[in-house]
Amino acid sequence: MNDLHPLFPADAAAHPRFIVGPCSAETEEQTLATARRLAAEGFTLFRAGLWKPRTRPGGFEGVGAAGLAWLDRVRRETGMLVATEVATRDHVRAVLDAGIDLVWIGARTAGDPFAMQELADALAGHDLPVLVKNPASPDLELWIGALQRLYNAGLRRLGAIHRGFATLDGGAYRNPPLWALPIELRRRLPQLPLLCDPSHIGGRRDLVASLARQALDLGFDGLVVEAHCAPDEAWSDSAQQLSPAELGALVRTLVVRCDGTGAAPLAALRERIDRTDDELLALLARRMEIVREIGEMKRREGLPVLQTGRYGELLDRLTARAAGLGLHADFVRRFMQLVHEEAVRQQIER
Ligand code: PEP
Ligand code: MN
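Residues numbered from 1 in each chain as written. Chains lettered and ligands numbered in written order. Predicted model: local features only at pLDDT ≥ 70, side-chain atom pairs only at ≥ 80, totals over all residues. Heavy atoms only, no water.

Caption draft 1: Structural view of helix α13 (residues 329-348). An ideal rise of 1.5 Å per residue puts 28 Å on 20 residues; α13 measures up with 28 Å between its terminal C-alpha atoms. Taken residue by residue, α13 has Val332, Met336, Val339, His340, Ala343, Gln346 and Gln347 as its buried positions. Taken down its axis, α13 places every buried residue within 115 degrees of arc, on the same side. Along α13, the residues that are exposed and aim more than 90 degrees away from the buried face are Arg334, Leu338, Glu341 and Ile348. (Helix = DSSP H or I, 4+ residues; strand = E, 2+ residues; numbered from the N terminus. Expected span 1.5 Å × (residues − 1). Buried < 20%, exposed > 50% of the residue type's maximum accessible area, 1.4 Å probe, protein only. Arc of directions from axis to C-beta.)

Caption draft 2: View of the pattern of salt bridges. All told, the structure shown has 24 salt bridges when counted by the stated rule. With a shortest N-O distance of 3.2 Å, Arg252 and Glu41 are connected by a salt bridge. Placement of Arg252 in helix α10 (residues 244-259) and of Glu41 in the loop between α1 (28-40) and β2 (45-47) is noted, with a sequence separation of 211 residues between them. Here Arg89 and Glu118 are joined by a salt bridge, their closest N and O atoms 3.8 Å apart. Note that Arg89 is positioned in helix α3 (residues 89-98) and Glu118 in helix α5 (residues 113-123), a separation of 29 residues in sequence. Taking relative accessible area as the criterion, Arg89 reaches 41% and is therefore assigned partly exposed. (Salt bridge = Lys/Arg side-chain N within 4 Å of Asp/Glu carboxyl O.)

Caption draft 3: Seen up close, the domain arrangement of the protein chain. We note that the domain assignment places domain 1 (18-253) and domain 2 (264-349) within the protein chain. Once you take the C-alpha centre of each, domain 1 and domain 2 turn out to be 41 Å apart. (Domains from an automatic or database assignment.)

Caption draft 4: Broad picture of the packing of α5 against helix α6 (residues 140-152). With their axes 8 Å apart at the nearest point, α5 and α6 run at an angle of 25 degrees to one another. Between α5 and α6, the crossing angle belongs to the class labelled roughly parallel. Our pair here, α5 against α6, has a crossing hand that is right-handed. Residues Pro113, Met116, Gln117, Ala120 and Leu123 of α5 pack against Leu142, Ala146, Arg149 and Leu150 of α6. In the contact of α5 with α6, the residues fall into seven nonpolar, one polar and one charged. (Axes fitted to C-alpha atoms, helices over the stretch in contact; angles between N-to-C directions. Parallel < 35°, antiparallel > 145°, perpendicular 65-115°, else oblique. Left-handed = near helix turned anticlockwise from the far one by under 90°. Contact = heavy atoms within 4.5 Å. Nonpolar A, V, L, I, M, F, W, Y, C, P; charged D, E, K, R; others polar.)

Caption draft 5: Fine view of the pairing of strand β8 (residues 222-226). Counting buried positions along β8 yields five of five residues, so the element is predominantly enclosed. Residues of β8 alternate between two faces, with Gly222, Val224 and Glu226 on one and Leu223 and Val225 on the opposite face, all of them buried. By the bridge criterion, five bridges tie strand β1 (residues 17-21) to β8 in an arrangement that is parallel. Its bridge partner being in β8, Phe18 is matched across the sheet by Leu223. (Pairing = 2+ DSSP bridges.)

Caption draft 6: Representation of the site of ligand 1 in the model. Every residue close to ligand 1 is listed here: Cys23, Arg47, Lys52, Glu85, Trp104, Gly106, Ala107, Arg108, Lys133, Arg163, His200 and Glu226. Contacts to ligand 1 include Lys133, whose side-chain N or O atom sits 2.8 Å from an oxygen atom. Here ligand 1, which alone exposes 290 Å², has 96% of that area covered by the protein. Tallied by class, residues from the shell around ligand 1 come to three nonpolar, two polar and seven charged. (Near = heavy atom within 4 Å. Polar contact = N/O pair within 3.5 Å; in protein donor to acceptor, adjacent residues only side chain to side chain. Areas by Shrake-Rupley, 256 points an atom, 1.4 Å probe, with all protein chains shown as cover.)

Caption draft 7: Highlighting unusual backbone geometry. Unlike most non-glycine residues, Leu178 shows phi in positive territory, near 40 degrees. With respect to the secondary-structure elements, Leu178 resides in the loop between β6 (158-162) and α7 (180-188). Of note, Asp237 is a non-glycine position whose phi angle comes to about 50 degrees, a positive value. Structurally, Asp237 is set in the loop between β8 and α10.

Caption draft 8: A look at the environment of Arg187. Relative to the helices and strands, Arg187 is located in helix α7. Overall, the relative accessible area of 59% leaves Arg187 in the exposed class. Note: C-alpha distance between Arg187 and Glu226 (39 residues apart in sequence) is 27 Å.

Caption draft 9: Highlighting a negative patch on the surface. A contiguous patch of negative charge on the surface is contributed by Asp274, Asp277, Asp278 and Glu279. Take Asp278: it is sitting in helix α11 (residues 263-301). (Patch = residues over 30% accessible without salt bridge, like charges linked within 9 Å, V, L, I, M, F, W, Y side chains within 5 Å. Lys, Arg positive; Asp, Glu negative; His and termini not counted. Charge placed at Lys NZ, Arg CZ, Asp CG, Glu CD.)

Caption draft 10: View of the packing of aromatic side chains. For the structure shown, the criterion picks out five aromatic pairs. Seen from their ring centres, Trp179 and Phe220 are 5.7 Å apart, and the 80 degrees between their planes marks the pair as edge-to-face. Here Phe220 lies in the loop between α9 (205-217) and β8 and Trp179 lies in the loop between β6 and α7, a separation of 41 residues in the sequence. For the pair formed by Trp179 and Phe220, the shared burial category is buried. (Phe/Tyr/Trp six-rings, centres within 6.5 Å; stacked < 30°, edge-to-face > 60°.)

If you want it as structure tokens, here you go:
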């Protein structure tokens, strides 16, 4: 995927890019009122879900094709580009007829290869920007596969939206971010625009700002954020939506942070990181040398490779030291587990 086109013709100037609007278009009044207030805050890209895939039946499932005319009105009255979610070939036909500017594919659809292929076939031959949310399960290959189906259908204005992952224990988050996955996506597909949806990650409006900042600090190209003219009364995802004014204020603080990053200090810090990584690697290599020596000794003495008591003590000792060093005990444990796994491999594979 190294011949992608910009999502929008005039994309270059607008970085980072924000796609904002309500989770769902509920009524024409709510859609227009939200859009007008977002336009007044300076936003240029409006989102609103018309077809809402709900986990369980009975929730608000969207107004469907009736809302297309509302989005058209948003575009004519505010000048914003408009975006909505598609999940079936009928949705695609309807948005193409209505001249919607951008579509996204939701988490529940992106994880279904049959649905993705149906969408790719329906979109083939149309030069529409398409953003693919990550599947709810933390499966990078499935996410890339969904993008690949669109690419193979000839679509070139593609992007990805990171919206967090369904995990057994999300802590404070509705869908914990598992940042390593979108970072790996960026490494694998460096040309692909990568946006973050802090609303669906956080699931609570008080978590949105810090997640948005983290995403931009990590180099995401833009954000998809839910905003509603009366968030508490929203028919879907009311806990996570911001008012247009709150979102405008948040984005102004983000822009200040982006502008404050000078290239020279950054390069100097990266150089220090590189040197530290070199040291880290040299230390690991030294540790493995000792491990191999111990391996030889165990072999000579007829001792087993794995001595679980010793391994447990090592983990306890190092995780206890973690906090004092400003490290998470859990990180130290996972890191040492990896190191130990490699040490055992080196001892049994010789
Ligand atoms: C949405 O963007 O409103 C939505 C339904 O998101 P997701 O597919 O990420 O759950
Ligand atoms: Mn939503």
